[in-house]
Amino acid sequence: MPEFSSYDGAEALSQLKTRTRQLEDLYAAMGLLSWDLETTMPPKGSEQRAQQMATLSELSHERLIDPCVGKWLDQLKTTPPESLEEQAWVREATDAYEKAVKLPASLVRAFSETTSQAHLVWVEARKTNNFSLFEPLLTKIVYLNQQKADALGYEGSPYNALLDLYEPKLTTQVLDPLFASLKNQLVPLVEAIKNSSLKPQADFLSRPFPKASQQAFVKDVITAMGFDWQAGRMDEAPHPFCSGTGVGDVRLTNRYLQEDWLSSLFSGMHEAGHGLYEQGCNPEFGGTPLAGGVSLGVHESQSRFWENLVGRREAFWQFWFPKLKQHAGSALDGVDESTFYAVVNRVEPSFIRVEADEVTYNLHVMLRYEIEKALIEGQIKVSEVPEAWNAKMQSYLGIIPPSNTLGCLQDIHWAHGSFGYFPTYTLGNLISAQVWHAAEAYLGPLETLLAQGNLLPIRQWLQKNIHQYGKLYTPNQLIQKVCGEPLNAKPFTDYLWKKYSSVYQLN
Ligand code: ZN
């Protein structure tokens, strides 16, 4: 091996490429082990599987923080590559390396020990509605996240360091005005809908819809969306997700509930939206740090685009409702298209985020954002979380959860140590509406295509303008390039007001 000092730019880049390709292979192997664990692994395999995953995780961490990587990156700072692809490659590698070396091993260990303990305690606390059981561990998790923010470094709020882990360069300076404008638009919309005399009747949703028929319908829709079954598959898992090992191997999961078949349908479209993003990446980026989605927020914009902006639109059901009826057996007897459409777009303030509708959903996220930020900035104590939670529920949605199980104990994120993750859900919703506008500017009214069942031109436009780029651009650059404007809430709130004024006949 040559001395570090003898590397020139070209050699440093070549070494860095080889190393990061190895890392991507290790991550793909870990992803596959984890997919298998969630889908088909026999239960008795779990202990060894945890060991296998820990080994791969340690190996990849060692390969990433190897001092050689730092030397190559130093060299590339003085002699940066010329092509956009290689610059992006170096940018991604630098980001991963710097984050990994800044976190002391002792902190990483404390974090992983505390969160694995917290998971079990959170499950029990949620089951028994006992916040004080979870409180000491959550206090420790907040403290460790503050330590993490200090180690990573930040400008402004320490919460910015945590946001950056999920959405590169996202800050509270961006989020505060975004959420403020959402609050201004959404709280009155929820109120107006609550006062509407229209109450969609959803009782037919509890009629049995055979699982095989649900599966067949979901598969038809996903196929029409352009999902490539030669480069992907769909299996069953208790929690729907999208993973895989690369552009040519994208794995969706879904679950099919007898008692809530509508959610199975929409979660199928949601995960397929993620899957199309992964499949649509430039194949030349496969196995490199440029593959896959650029950020959680942009990824979620693709799933929400299909799930909500397409899947909950009247024009979409003009084409698909007759087909759904064919699959539904007696579940849709006596139900017409307009009744179904109204139920698909039912808005009702509720306690649980993951069950929330398009209008109230972002208020659930905003509440979590405000509490997380206050915790990390030290403005409130963990013991004050239940009270803060309930006060915000009352103020934004007009309801107070009867228990912490239905309130601040409902999500797994904090037990996992994930602070800064929630806002990416809302970002996805906002970006999806911006993308819709951009697509219409090129393709004309998308509703015309939806009514014809012609989804492929939309998929092709998304691939050409978003998917193919992988991580070539930063999220902000990509949004600006695609939408001709920076991230903002207006297209989304305009869309909600227009649609729900019609669904609920608001004046
Ligand atoms: Zn998603």
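Structure first, text after, so check above.
Residues numbered from 1 in each chain as written. Predicted model: local features only at pLDDT ≥ 70, side-chain atom pairs only at ≥ 80, totals over all residues. Heavy atoms only, no water.

Participant: What am I meant to see in the overall build of the chain here?
Facilitator: For the chain, the count of helices and strands is 20 helices and three strands. Against the 2.2 N^0.38 benchmark of 23 Å for 507 residues, the chain shows a C-alpha radius of gyration of 23 Å, consistent with a compact globule. Its C-alpha atoms give the chain principal-axis dimensions of roughly 75 × 50 × 50 Å. The buried share among the 507 residues of the chain stands at 51%. Excluding contacts between residues fewer than 6 apart, the proportion of contacts in the chain whose partners are at least 24 apart in sequence is 72%. A total accessible area of about 22400 Å² is found for the chain, and carbon and sulfur atoms account for 52% of it. Between the averaged position of the 44 positive side-chain charges in the chain and that of its 58 negative side-chain charges there is a distance of 2 Å. (Helix = DSSP H or I, 4+ residues; strand = E, 2+ residues; numbered from the N terminus. Rg over C-alpha atoms; globule rule 2.2 N^0.38 Å. Buried < 20%, exposed > 50% of the residue type's maximum accessible area, 1.4 Å probe, protein only. Contact = heavy atoms within 4.5 Å. Areas by Shrake-Rupley, 256 points an atom, 1.4 Å probe, with all protein chains shown as cover. Lys, Arg positive; Asp, Glu negative; His and termini not counted. Charge placed at Lys NZ, Arg CZ, Asp CG, Glu CD.)

Participant: What is the right way to read unusual backbone geometry from this model?
Facilitator: Both trends apply: most residues other than glycine have a negative phi, and most peptide bonds are in trans. Non-glycine residue lysine 169 carries a positive phi angle of around 75°. Mapped onto the secondary structure, lysine 169 falls in the loop between helix 7 (159-166) and helix 8 (172-195). Here glutamine 505, not a glycine, exhibits a phi torsion of approximately 50°, which is positive. By the element assignment, glutamine 505 lies in the segment after helix 20 (490-503). The exposure class assigned to glutamine 505 is exposed, which follows from its relative accessible area of 60%.

Participant: What is the right way to look at the packing of aromatic side chains in this model?
Facilitator: A full pass over the atoms with the stated rule returns 23 aromatic pairs. On the basis of an interplanar angle of 50° and a centroid distance of 4.8 Å, the ring pair of phenylalanine 209 and tryptophan 261 is categorised as tilted. Within this pair, whereas phenylalanine 209 is found in the loop between helix 8 and helix 9 (211-225), its partner tryptophan 261 is found in helix 10 (residues 261-279), the two being separated by 52 residues in sequence. Overall, the relative accessible area of 1% leaves tryptophan 261 in the buried class. Ring centres of phenylalanine 319 and tryptophan 320 lie 5.2 Å apart, and the angle between their planes is 80°; this geometry places the pair in the edge-to-face category. A residue is classified by how much of its surface remains accessible, and phenylalanine 319, at 24% relative accessible area, is partly exposed. By relative accessible area, which is 4% here, tryptophan 320 ends up buried. Site record: aromatic cluster; members linked through ring pairs are Phe204, Phe217, Phe266, Phe316, Trp317, Phe319, Trp320, Phe321 and Phe340. Against the face of phenylalanine 422 rests arginine 368, its NZ or CZ located 5.5 Å from the ring centre. (Phe/Tyr/Trp six-rings, centres within 6.5 Å; stacked < 30°, edge-to-face > 60°. Lys NZ or Arg CZ within 6 Å of the ring centre and 35° of its normal.)

Participant: Mind showing me how you'd approach the state of the cysteines here?
Facilitator: In a disulfide, the sulfur atoms of two cysteines are held together by a covalent bond. Enumeration according to the criterion identifies zero disulfides in this entry. The thiol of cysteine 281 is unpaired, and the distance to the nearest cysteine sulfur, on cysteine 242, comes to 13 Å. Judged by relative accessible area, which is 2%, cysteine 281 ranks as buried. (Disulfide = S-S within 2.5 Å.)

Participant: Help me understand the sheet that holds strand 2 (residues 242-246) in this model?
Facilitator: Strand pairing in a sheet relies on backbone hydrogen bonds. The paired strands run either parallel or antiparallel. Reading across the sheet, the three strands line up as 1-3-2 and stay open at both edges, with mixed pairing between neighbours. Every other strand in the sheet has two partners, leaving strand 1 (232-236) and strand 2 as the edge strands with one partner each. Strand-to-strand twist of the sheet, defined as the mean angle between neighbouring strand axes without regard to direction, takes the value 20°. Bridge count for strand 2 against strand 3 (residues 249-254) is four bridges, and the pairing is antiparallel. Paired with cysteine 242 across the strands is leucine 252, a residue of strand 3. (Pairing = 2+ DSSP bridges. Axes fitted to C-alpha atoms, helices over the stretch in contact; angles between N-to-C directions.)

Participant: Which parts of the structure should I look at to understand the coordination of the zinc ion?
Facilitator: Ideal geometry at a metal centre gives angles of 109.5 degrees when four donors are arranged tetrahedrally and 90 or 180 degrees when six donors are arranged octahedrally. At the metal site, the zinc ion is ligated by His270 (NE2), His274 (NE2) and Glu300 (OE), and these contacts range over 2.1 to 2.3 Å. Each donor residue of the zinc ion belongs to the same chain, and together they define the spacing H-x3-H-x25-E. On the criterion of sequence distance, the pair formed by histidine 270 in helix 10 and glutamate 300 in helix 11 (residues 296-310) is long-range, its members being 30 residues apart. Each member of the pair, histidine 270 as well as glutamate 300, carries the same accessibility label: buried. (Donors = N, O, S within 2.8 Å, 3.2 Å for Na, K, Ca; no water.)

Participant: How should I be thinking about helix 3 (residues 67-78) in this particular structure?
Facilitator: A rise of 1.5 Å per residue sets the reference length of helix 3, with its twelve residues, at 16 Å; its end C-alpha atoms lie 17 Å apart and thus fit the reference within 8%. Where helix 3 is buried, its residues contact helix 1 (9-39), helix 2 (46-65) and helix 4 (84-102). Looking at where helix 3 begins, the residue whose side-chain oxygen comes 3.0 Å from the main-chain nitrogen of cysteine 68 is aspartate 66. (Expected span 1.5 Å × (residues − 1). Polar contact = N/O pair within 3.5 Å; in protein donor to acceptor, adjacent residues only side chain to side chain.)

Participant: Looking at this structure, I do not really get helix 8. What am I missing?
Facilitator: Each α-helix winds once per 3.6 residues, and so residues spaced three or four apart point in a common direction. Taking 1.5 Å per residue, 24 residues should reach 34 Å; helix 8 reaches 33 Å between its end C-alpha atoms and fits that length. Those residues of helix 8 that sit buried are Thr172, Leu175, Leu178, Phe179, Leu182, Leu186, Leu189, Val190 and Ile193. If you follow the buried residues of helix 8, they end up packed against helix 7, helix 14 (358-376), helix 16 (423-443) and helix 20.

Participant: So what exactly am I meant to see when it comes to the packing of helix 12 (residues 314-328) against helix 13 (residues 337-344) here?
Facilitator: Angle between the axes and distance between the axes are the two parameters that describe a pair of packed helices. Running from N to C, helix 12 and helix 13 cross one another at 120°; their axes reach a closest spacing of 10 Å. Considering how the two elements wind past one another, helix 12 and helix 13 form a crossing that is right-handed. Contacts between helix 12 and helix 13 involve Glu314, Trp317, Gln318, Phe321 and Leu324 on the former and, on the latter, Glu337, Phe340, Tyr341 and Val344. Class assignment for the residues of the contact of helix 12 with helix 13 results in six nonpolar, one polar and two charged. (Left-handed = near helix turned anticlockwise from the far one by under 90°. Nonpolar A, V, L, I, M, F, W, Y, C, P; charged D, E, K, R; others polar.)

Participant: Explanation requested: the pattern of salt bridges in the structure shown.
Facilitator: Where charged atoms of side chains with opposite charge meet at close range, the side chains can pair. For the structure shown, the criterion picks out 22 salt bridges. It is possible to trace a salt-bridge network through shared partners that takes in Glu300, Arg304, Glu307 and Arg312. (Salt bridge = Lys/Arg side-chain N within 4 Å of Asp/Glu carboxyl O.)

Participant: How should the side chain of glutamate 358 be read in this particular structure?
Facilitator: By the secondary structure assignment, glutamate 358 is in helix 14. In terms of polar contacts, glutamate 358 uses its side chain to reach the side chain of lysine 499, at 2.9 Å. Once residues within four sequence positions are removed from consideration, glutamate 358 is found in contact with Asn308, Arg312, Asn345, Phe492, Tyr495, Leu496, Lys499 and Tyr500.

Participant: Please clarify how the nonpolar core should be interpreted in this entry.
Facilitator: One recurring pattern in soluble globular proteins is that nonpolar side chains are buried together. Trp317, Leu324 and Phe340 are the most contacted members of the largest nonpolar core, which totals 134 residues. Of the residues forming this core, the biggest block, ten residues, is contributed by helix 14. Once residues lying within four places of it in the same chain are set aside, the contact partners of phenylalanine 340 are Phe204, Trp261, Leu262, Trp317, Phe321, Leu324, Leu332 and Val335. Membership of the second largest hydrophobic core comes to 15 residues, among which are Ala12, Leu13, Val69 and Ala93. (Core = buried A, V, L, I, M, F, W, Y, C linked by side-chain atoms within 4.5 Å.)

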